[in-house]
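Listed below are the residues making up each chain.
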Protein chains: 2
Amino acid sequence: MEKKQKRYLLQEDEIPRYWYNIQADMVNKPLPPLNPSTREPLKAEDLYPIFAEELSRQELNQTDAWIEIPEPVREMYKFYRSTPLVRAYGLEQALGTPAHIYFKNESVSPVGSHKLNSAIAQAYYCKQEGVTNVTTETGAGQWGTALSYAARVFGLEAAVYQVKVSYEQKPYRRSMMQVFGAQVTPSPSMSTSAGKDILTAMPHHQGSLGTAISEAVELARETPNCKYTLGSVLSHVTLHQTVIGLEAEKQMEMAGEYPDIVIGCFGGGSNFGGISFPFMRHNILEGKQTRFIAAEPASCPKLTRGKFRYDFGDTAGYTPLLPMFTLGHDFMPSNIHAGGLRYHGAGVIVSQLLKDGLMEAVDIDQLESFEAGCLFAKSEGIIPAPESCHAIAATMREALKCKESGEEKVILFNLSGHGLIDMASYDKYLSGDIQNFTISDKDIDDNLSKLD
Amino acid sequence: MEKKQKRYLLQEDEIPRYWYNIQADMVNKPLPPLNPSTREPLKAEDLYPIFAEELSRQELNQTDAWIEIPEPVREMYKFYRSTPLVRAYGLEQALGTPAHIYFKNESVSPVGSHKLNSAIAQAYYCKQEGVTNVTTETGAGQWGTALSYAARVFGLEAAVYQVKVSYEQKPYRRSMMQVFGAQVTPSPSMSTSAGKDILTAMPHHQGSLGTAISEAVELARETPNCKYTLGSVLSHVTLHQTVIGLEAEKQMEMAGEYPDIVIGCFGGGSNFGGISFPFMRHNILEGKQTRFIAAEPASCPKLTRGKFRYDFGDTAGYTPLLPMFTLGHDFMPSNIHAGGLRYHGAGVIVSQLLKDGLMEAVDIDQLESFEAGCLFAKSEGIIPAPESCHAIAATMREALKCKESGEEKVILFNLSGHGLIDMASYDKYLSGDIQNFTISDKDIDDNLSKLD
């Protein structure tokens, strides 16, 4: 039999005790978030009305490279961590590439994606600070599911705004959240001012992460003892996700290799940063030359075609102004099946790193992503989330370049989640009912010009 | 924080090297399968036209207690094994029981259930013997998905007959099989004589495992170089599943406990036998007093209300006659969501063990099963397959008895699979759209009287 897979797992006591805060090691730190009215840089205290205090401090921490993982969070990590690092011999053989392909399998978490890594941390800090209710938005439903479960574990009530198009395309994630006891509302909804404004202006608005964030933030602001939580974009979320890359670092060592290329799909940046930053640390501090590639959907190309600007994180303009690569906060992404990547902007850390040339970005069409996902499923047995398919497609591009050049590069990508709740999307792909979406430069320019 | 979970995992070199064949240790061996025309006991050779030869020999092996797991099969087991043994503190606290509840989490396999344990072995032996094509039936789709993936790994073509009601209720398992490259046909179909006979007699027949087996067996018989594979009921399938219980035995030792009660849901018996037989061995050989409970659906009660008789394994009467607890081979189970439990008979080993009082059986209503599944999801974070919900419900009954009596019994159950492809069923349950099905004694008697 041909070699098919090889898994590397850590012992419980090797699970990281600290998250890695790349901000501390960056030469050019991210610019500060600004208060939209005063244009003054925000302090952690300014975020307390919306976020848990410890999370607010983590968000702006540019000095401590290592932040301790609280013991109850680490205990919960042990439910599913370490996640396997897998040598994908099957995919290598299917591609006929000399490259060594590894993936970090975050799909083994009980909710099926990496999102739980931050949900647990956020729910924990909220509980510690006496919060009783949490709100959030969710696109594909991966984050909403994770937060619903984490809230349940720490005895918090969760209210989730799910992007309407995903609510309809993926009703079973709604059911999962409901099984975990959360309240789920499709966004835009008539339950908030932000939602009402959008729906009265555009009654058929299909929602986006931007609209759902506006609604969740509004609910958090107006409800006593209630905090907002976010599943990507923000620096503290990416911080929690570095547990992925920190484990992968030890596991690559077990495999006796070090990655030449690290790849993650890209929505707001947390899974990409999570797998990348611990390796990027060695580029920054020791001059290693690993390449880091963010794989974004061609229909939502903030990294490859957006501009670096101060912009809002949400559609209604409730959040601070963030310095980021953006398509404009009212950019309305196409209804691609990778709902988790339908976001107009990139996190501030990643934006700075891209600006400084420490990482790259590629855009992937929807059809290419599903083709890659199916080949991966056939060769590795795991059906990937439509989001993760973008990372696989980017990996395949690099592996095929190695086939041309004969180079034995080591490629590591993050399998951020499985696609078992997304089989309706695969069904459409298999029946030829999936298309690519294109965006004209003019559309992007028009949208960005509103920021001026 | 309260204690929530504790996982026990084995090292790679602790993964079992042998399957356990309980037939060798049984005092009363199962009666032989009979040729339906001659009523003569079958020999292994008689099964070669349908099954791989090694599987045929395993089926009738009543002498070797330990059968070596071929190295390529063991290599593939390492993709996902050992599966975690989990102490379900969350469920214990939710129930307020002094019982110690453990579950073996087979849902972590890439296809989401224990079925892969036998699919890998069967595909391997077929490949070894020069077979090119495999056929099978599937109910909920768990087995079909497993076989499709295993066939893909060993380079075999797979044709799967899926019970029509499941094909329609669970379209996404069909998509999974198709992503893995299998041909999937709803059964009964017009593609076989057996299917045509059923559909001309009953045009709206919703299918059952019995009809699908008939079709798959017919295809295997009439196609050169093609073998039939079965996902449960047969003794060789249960043999392969003993890897579950053998691992659990070592893991319970790590936890410093030994089960007073072992529970599995029951369709044909392979997951139940898989978790139970390695522990039952100690009852047989050393006089341990562990109880073994098979949890079957109240709407398909072959163990609790069927009779021990020689009967066919399929609807059309293509299989050998098997000595088993049965509701009659043309019993048509209600359309419960636990499609994998909709089978009229029990495997011959389990049937003999039940007859001899070495195990027990309970029947669980559909509503009780979903209620149990939701409580488990909330307390342990994993959404269980509707089939597994039956094992959870039986576990809860025993745990609540411990609450009454104050006994700290150790209960181990097999979480045979996750329910992520079954969210449509949970959705129906949450919206009150799930009912119980009852069967009258008269219906059962009428059906069984046809066997006389």
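So, how was this worked out
Residues numbered from 1 in each chain as written. Chains lettered and ligands numbered in written order. Predicted model: local features only at pLDDT ≥ 70, side-chain atom pairs only at ≥ 80, totals over all residues. Heavy atoms only, no water. Axes fitted to C-alpha atoms, helices over the stretch in contact; angles between N-to-C directions. Helix = DSSP H or I, 4+ residues; strand = E, 2+ residues; numbered from the N terminus. Contact = heavy atoms within 4.5 Å. Buried area = accessible area lost by both parts, 1.4 Å probe. Salt bridge = Lys/Arg side-chain N within 4 Å of Asp/Glu carboxyl O. Polar contact = N/O pair within 3.5 Å; in protein donor to acceptor, adjacent residues only side chain to side chain. Pairing = 2+ DSSP bridges. Buried < 20%, exposed > 50% of the residue type's maximum accessible area, 1.4 Å probe, protein only. Phe/Tyr/Trp six-rings, centres within 6.5 Å; stacked < 30°, edge-to-face > 60°. Lys NZ or Arg CZ within 6 Å of the ring centre and 35° of its normal. Least-squares fit on C-alpha atoms with pLDDT ≥ 70 in both.

Draft legend 1. A look at the packing of helix α9 (residues 193-201) of chain B against helix α10 (residues 209-222) of chain B. Relative orientation of the contacting elements α9(B) and α10(B) amounts to 145°, with a least axis distance of 8 Å. In this structure, α9(B) uses S193(B), A194(B), G195(B) and I198(B) to contact α10(B), whose residues at the interface are T211(B), S214(B), E215(B) and E218(B).

Draft legend 2. Layout of the interface of chain B and chain A. Of the residues lining the interface, 41 residues belong to chain B; the matching set on chain A comes to 41 residues. When the two sides are added together, the surface that chain B and chain A hide from each other amounts to roughly 3,800 Å², 65% of it contributed by carbon and sulfur. On the surface where chain B and chain A come into contact, there are four salt bridges. Here E12(A) ties to K6(B) by a salt bridge, and the two come within 3.8 Å at their closest N and O atoms. Along the contact surface separating chain B from chain A lie 10 residue pairs in polar contact (both at pLDDT 80 or more).

Draft legend 3. Expanded view of the sheet that holds strand β4 (residues 85-87) of chain A. All names here are of chain A. Spatially, the seven strands line up as an open sheet ordered β1-β4-β5-β15-β10-β11-β14, and their pairing is mixed. Of all the strands in the sheet, just β1 (6-8) and β14 (360-364) have a single pairing partner and so form its edges. Direction aside, the axes of adjacent strands within the sheet are offset by 25° on average. Pairing geometry for strand β5 (residues 100-105) and strand β15 (residues 410-415), over six bridges, is parallel.

Draft legend 4. Region of the structure containing the pairing of β5(A). Residue and element names in this part refer to chain A. Burial within β5 is extensive, with six of its six residues counted as buried. Side chains H100, Y102 and K104 of β5 all project onto a buried face; the interleaved residues I101, F103 and N105 project onto the opposite face, where all are buried too. With three bridges joining them, β4 and β5 adopt antiparallel strand pairing. Directly across from L85, in β5, lies its bridge partner K104.

Draft legend 5. Quick look at helix α17 (residues 423-430) of chain B. Buried within α17(B) we find M423(B), A424(B), S425(B), Y426(B) and D427(B). In this structure, the buried side of α17(B) is in contact with α8 (171-179) of chain A together with α15 (366-380) and α16 (386-405) of chain B. Taken from the residues just after α17(B), G432(B) is the one with a positive phi, measuring 75°.

Draft legend 6. Just the packing of aromatic side chains, in detail. All told, the structure shown has 28 aromatic pairs over all chains when counted by the stated rule. Plain terms: the ring middles of Y124(B) and F154(B) are 6.0 Å apart, the flat faces sit at 65° to each other, and that makes the pair edge-to-face. Taken together, the residues Y124(B) in helix α5 (residues 116-128) and F154(B) in the loop between α6 (142-153) and β7 (157-163) connect sequence positions 30 residues apart. Assessed through its relative accessible area of 12%, Y124(B) is described here as buried. F154(B) gets classed as buried once you look at its relative accessible area, which sits at 7%. Joined through ring pairs, the aromatic side chains of F103(A), F376(A) and F413(A) make up one cluster. Residue placement shows R221(B) over the ring face of Y318(B); its charged tip is 4.8 Å from the ring centre.

Draft legend 7. Quick look at the relation of the copies chain B and chain A. Between the two copies, chain B and chain A, the superposition gives an RMSD of 0.0 Å; the rotation angle is 180° and the shift along the axis is 0.0 Å. Here the copies are linked by what is in effect a two-fold axis. Both copies contact each other with a shared surface, as 100% of the interface residues of chain B are interface residues in chain A too.

Draft legend 8. Looking closely at the pairing of strand β13 (residues 321-326) of chain B. Judged by how many residues are buried, β13(B) sits mostly within the fold: six of six residues are covered. Of the two faces of β13(B), the one holding L321(B), P323(B) and F325(B) and the one holding L322(B), M324(B) and T326(B) are both buried throughout.

Coordinates in, geometry out; function isn't part of it.
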